Amino acid sequence: MTIPGVLRIDLDVQPNDDGWFKESFHAAKLEAAGMPHFEVRQHNVLYLAEPGVTRGIHAEPWDKYLSPSVGRVFAAIVDLRAGETFGRVETFELDAGQALYVPRGVGNSFCTLEPHTVYNFLVNEYWSPERVTVDLFDPELAIYWPFPRERLTYTERDAANPSLAEVRRTRA
């Protein structure tokens, strides 16, 4: 990983006669894999019916643990913390066998790759509207989304977020 604190975790998915089982979150095993102590305050589940549903780049004041239960997502992670890695981008494809730990101040966004995707978000603070956002399509970030822009579904609010240059000015 090139963004400090971001951790991609391979989860053990056990097939069985009815489908599969996975241990989504096991604090001791995750800490042994390098994740800091993470006390869950809120667990959110998001169901998305279609491929191409895209959520904006948001950096909240809490740590996040993300994993699909069903389907696959393309995740774009952007470091929005002041410092030498500000603006650095990493992308991942995640399915039910992977999770991603994203520390506070690092922006995360995603795009569904399959229909009927279920995405889980565990956070260590209660939700609040406080966040730093950046434009999904900022050319400086050069995120190669898995579908052309016209095939993505996103909110106008996410498309109207400030550019990385604007965020940089407020972080300097």
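Everything here concerns the structure above.
Residues numbered from 1 in each chain as written. Predicted model: local features only at pLDDT ≥ 70, side-chain atom pairs only at ≥ 80, totals over all residues. Heavy atoms only, no water.

Draft legend 1. Region of the structure containing the overall build of the protein chain. Scanning the protein chain from terminus to terminus reveals three helices and 12 strands. For the protein chain, whose C-alpha radius of gyration is 16 Å, the value lies close to the compact-globule estimate of 16 Å for 172 residues. C-alpha atoms of the protein chain, sized along the principal axes, occupy 55 × 35 × 30 Å. Scored against the burial criterion, the 172 residues of the protein chain give a buried share of 47%. A sequence separation of at least 24 residues applies to 81% of the contacts in the protein chain between residues at least 6 apart. (Helix = DSSP H or I, 4+ residues; strand = E, 2+ residues; numbered from the N terminus. Rg over C-alpha atoms; globule rule 2.2 N^0.38 Å. Buried < 20%, exposed > 50% of the residue type's maximum accessible area, 1.4 Å probe, protein only. Contact = heavy atoms within 4.5 Å.)

Draft legend 2. Highlighting the sheet that holds strand β1 (residues 7-10). Across the sheet, five strands lie side by side as β1-β9-β6-β11-β4; this open sheet has antiparallel pairing. Two strands in the sheet have a free side with no partner beyond their single neighbour: β1 and β4 (42-48). When the angles between neighbouring strand axes are averaged without regard to direction, this sheet yields 20 degrees. Judged from the four bridges that link them, β1 and strand β9 (residues 98-102) form a sheet pairing that is antiparallel. Each bridged residue has a counterpart across the sheet, and for Asp 10 the counterpart in β9 is Gln 98. (Pairing = 2+ DSSP bridges. Axes fitted to C-alpha atoms, helices over the stretch in contact; angles between N-to-C directions.)

Draft legend 3. Just the pattern of salt bridges, in detail. According to the stated counting rule, one finds nine salt bridges in the structure shown. Between Arg 81 and Asp 79 there is a salt bridge, with its nearest N and O atoms 2.9 Å apart. Take Asp 79: its relative accessible area is 0%, and that puts it in the buried class. A salt bridge links Glu 140 to Arg 168; the nearest nitrogen and oxygen atoms lie 2.7 Å apart. One end of the pair, Glu 140, is in the loop between β12 (132-134) and α2 (156-159); the other, Arg 168, is in helix α3 (residues 164-171), and 28 residues separate them in sequence. (Salt bridge = Lys/Arg side-chain N within 4 Å of Asp/Glu carboxyl O.)

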